[in-house]
Amino acid sequence: MALEVTMPQMGADMTEGTLVRWLKQVGERVERGDIIAEIETDKATVELEAYDGGTLIKQVAAEGEVVPVGDVIALLGEASEAAPDVERKPPAETPARRTIQPAAGETSPASQPGRAREPAPAVVASGAPSNGRIRISPVAKRIANQAGVDIAMLVGSGPDGRILRKDVEAAIASPPAPRETAPAAAPAAASRALTMAAVPVPGPRPAAPAGTAGPEPLSKMRQAIARRMTLSKETQPHYYLTLDVDMTAAMQFRETLNASATDAQHVSVNDLIVKACAIALERHPRFNAEFTEAGLKMHSRINIDIGIALDDGLIAPAVLDCGSKSLGRIAVESKDLVNRAKSGHLRADEYSEGTFTITNLGAYGVEALIGIINPPQAAILGVGSVMDQPVARNGEVKIAKVMKVALSADHRVTDGAEGARFIKEIQGLLENPVSLAL
Amino acid sequence: MVEMRMRDALREALREEMIRNPNVFLMGEDIGAYGGSYAVTKGLLEEFGEHRVRDTPIAESGIIGAGIGAAMGGLHPMVELMTINFSFLALDQIVNSAAKLHHMSNGQINVPLVIRMASGGGSQLAATHSHSLEGLYAHFPGLKVVCPSNPADAKGLLKRAFRDQNTVIFIEHTANYALRGEVPGDVDYLVEFGKANVLREGTDVTIVGYSGSVHQGTRAADMLAAQEEISAEVIDLRTLRPLDIDTVVESVKKTNRAVIVEDDWRFGGFAGELSAQIMERAFDWLDAPVARVCSKDVPLPYNRNLEFATLPSEEDVVDAVLAMF
């Protein structure tokens, strides 16, 4: 009996992946954990591990082929086994996205016999799917499809956040961003993809003004960033807290550490911040949580995403399980993470399992950075450069190494006073850096 | 044009048709000497005589059977059943004979019979005497089901019924009998079957009703316009068989929303049929699920307050509309 190897879902909003390269050929023996292929998502190229052992008896997907999540790409079986035909199943049952989901059993007021007289609230993310589906009326969907509007970007004004005709028409009147024109050849596939909006939908391209070129097409990464940042700002009410951290002691501490460290263990300022955040998150677990309609989802692991700038866009893979890792270990892993991010070889869990994010533009000389929360996380820490600045200490002006940090937090999860305690905790840890070595 | 009540308009239609066609005659309980339970046939016995206006025993199955026989024999009878509630007793004659003879005889037999009956609740006649069975009769192929909402339509549709070679179930809402309206005096004034009437035009929601429920629809449209600035289109179906689904679909394609109002129960009622047809024909134009405003799912109470709480009201229609926005 052949075992099916399917296109995995690597990341909450992945709907399909490209099979870049087969690393195992038909007839080859595969052990559990072997890398059998490379898959490209809209974020990175990742290695596909086998979860079962066996002989590769069929490569269902060809190299370069785009395969929906859940579709069979290979079959494992006995060496002597003949490969059965594989039917491609339609990508209907896409697993629910990890974003906002209404409480189970919620019913629409419109379907209740009683009164629902209150005006529909200006609703939470309705682009936000419930159980993977976006609530949109048939007429709104048809018009969006015809006009090439990405419904995942829309906020519905109807009952339960249903996207109505007028919402789509408003979006057409003021388009959020230009988009690629997909080949008109596969309307069925495109309309299916509409629900997740991972694929650009066919539609009329806005006419370019005379004398200018058309809009520059969006890369998959650009689309993913646009989608996720819009989702964040539309669904997560942010509040912001900033303060200065005196990094004088931390810089000396780092110098001392690095004097006796190998190159691989070399500790960066960011590593100190990752470690400080990991400790602070242990003490303030609500910043390591996720808002759902059903309640707060508290994460047991502390996986800190670090924002890494790439040539076209950025990616924020996670240093996994920071809570239990030493500063030296974090230093080693974060360097490895940056290298693999730039070469496009991240593992799926590294960019889908993050629970908190640090975005640091210190290397670019900016004074302060106020970040947009990386959904569905509860907070992000924005970090500026360490700069020599005059500070008042005990009635005297001194020069200190000052770093501005900014906490952006989801107000549905925490309130300002909690945020203040959390960011003060980070400040205290960094200003007494010996605690980071414990 | 003459202003008159719906019962007078119905009488006008009967009179004109009896004059026009000597084969038209009337049968029913108390329609002659008493003038009809709702005074529709008042004066016709005196004018046309016992030969053409016949009081019958209380025997609904027998009266309908006699009507079917007369129709098969070449006459064009009108049988009045005092109320639609008593038509249960004649259901076998109506469904198994009147509706089917033409088909089962391969077109050799026609049953040009008009069956008039009063329908609807709201008069404290209690559960057994307050039915709205328009949807039940619309269920059977072979019958035409007509349900006017105003005097002019009542006259035009009833006269049209006497030009039909099939059995026509002509249902009159008791709440409409005293309704006044302008009625054309023209003896050739006919209202076609299967042509819905757009009572008012609107842009935001289509409210569909027939017979009595049209009036809840128009009052709701007034409330919506005045209080909510929602523009409702109101459609009177006039006939359920044949059904003018085209007019409804065309309207829904414009407004993207539909609310169906009827006195019948929601479960298995005509509104369910209409709702399904709208979804089949206009799914991609809908901004909300089609809503139905119907009677509560209980036998109609006798108590006046409970009776009105059970029947669909204009407030119910307004609520159903608002839930779509």
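Counting from 1, residues in each chain are numbered in the order their sequence is written. Naming scheme: in the order in which they are written, chains are lettered from A and ligands are numbered from 1. Side-chain atom pairs in this predicted model are given and counted only at pLDDT of 80 or more, local residue features only at pLDDT of at least 70, and totals for whole chains, interfaces and linings cover all residues.

**Quick notes on the sheet that holds strand β15 (residues 318-319) of chain A**
Residues and elements named next belong to chain A.
- Note on pairing: two strands pair once DSSP finds at least 2 bridges between them. Runs of H or I in DSSP of at least four residues are treated as helices and runs of E of at least two as strands, each being numbered from the N terminus. Within the open sheet, the 6 strands sit side by side as β9-β18-β17-β16-β12-β15. Their pairing is mixed. The sheet is open, and its two borders are formed by β9 (238-246) and β15, each paired with just one other strand.
- Sheet topology places strand β17 (residues 379-393) next to strand β18 (residues 396-410); 13 bridges connect them, and they run antiparallel. Within β18, the residue paired with glutamine 389 across the bridge is alanine 400.

**Topic: the nonpolar core**
Residue and element names in this part refer to chain B.
- We define a nonpolar core as a collection of buried residues of the types Ala, Val, Leu, Ile, Met, Phe, Trp, Tyr and Cys that are connected via C-beta atoms lying within 7 Å of each other. Residues with at least 20 neighbouring C-beta atoms inside 10 Å of their own are called buried, those with 12 or fewer are called exposed, and the rest are partly exposed, where every C-beta is derived from the backbone. Counting 110 residues, the largest nonpolar core has Ile115, Val146, Ile207, Val259 and Val321 as its most contacted members.
- Element by element, the count of residues in this core is highest for helix α1 (residues 6-20), at 6 residues.
- The contact criterion used is a C-beta to C-beta distance within 7 Å, with each C-beta placed from the backbone. With sequence-adjacent residues up to four places away left out, isoleucine 115 is seen in contact with Ile64, Val79, Leu81, Ile94, Thr167, Ile169 and Phe170.

**So, the confidence of the model for chain B**
- Looking at chain B as a whole, its pLDDT mean stands at 96, while 100% of the residues score no less than 70.
- Per the prediction output, this complex has pTM 0.53; the corresponding ipTM is 0.76. pLDDT gives the predictor's per-residue confidence on a scale running from 0 to 100.

**A few points about the pairing of strand β11 (residues 295-298) of chain A**
Residue and element names in this part refer to chain A.
- The pairing of strand β10 (residues 289-292) with β11 spans 4 bridges and is classified as antiparallel. Across the sheet, the residue bridging to alanine 289 is methionine 298, located in β11.
- Two successive antiparallel strands, β10 and β11, enclose a turn made up of 2 residues.

**Let's talk about the packing of α1(B) against helix α7 (residues 151-161) of chain B**
Residues and elements named next belong to chain B.
- Note on geometry: axes are C-alpha line fits, over the in-contact stretch for helices, and angles between N-to-C directions span 0 to 180 degrees. Two elements in contact, α1 and α7, have axes separated by 8 Å at closest approach and are oriented at 25°. The orientation of α1 with respect to α7, classified from their angle, is roughly parallel. Seen along the crossing, α1 lies across α7 with a hand that is right-handed. Facing α1, whose interface residues are Met6, Ala9, Leu10, Glu12, Ala13, Glu16 and Glu17, α7 presents Pro151, Ala152, Ala154, Lys155, Leu158 and Lys159.
- Looking at side-chain class alone, the contact of α1 with α7 contains 8 nonpolar, no polar and 5 charged residues. An angle below 35 degrees is treated as roughly parallel, one above 145 as roughly antiparallel, one from 65 to 115 as roughly perpendicular, and anything else as oblique. Note: crossing handedness is left-handed where the near helix turns anticlockwise from the far helix by less than a right angle, and right-handed where it turns clockwise. Note on residue classes: Ala, Val, Leu, Ile, Met, Phe, Trp, Tyr, Cys and Pro are nonpolar, Asp, Glu, Lys and Arg are charged, and everything else, Gly too, is polar.

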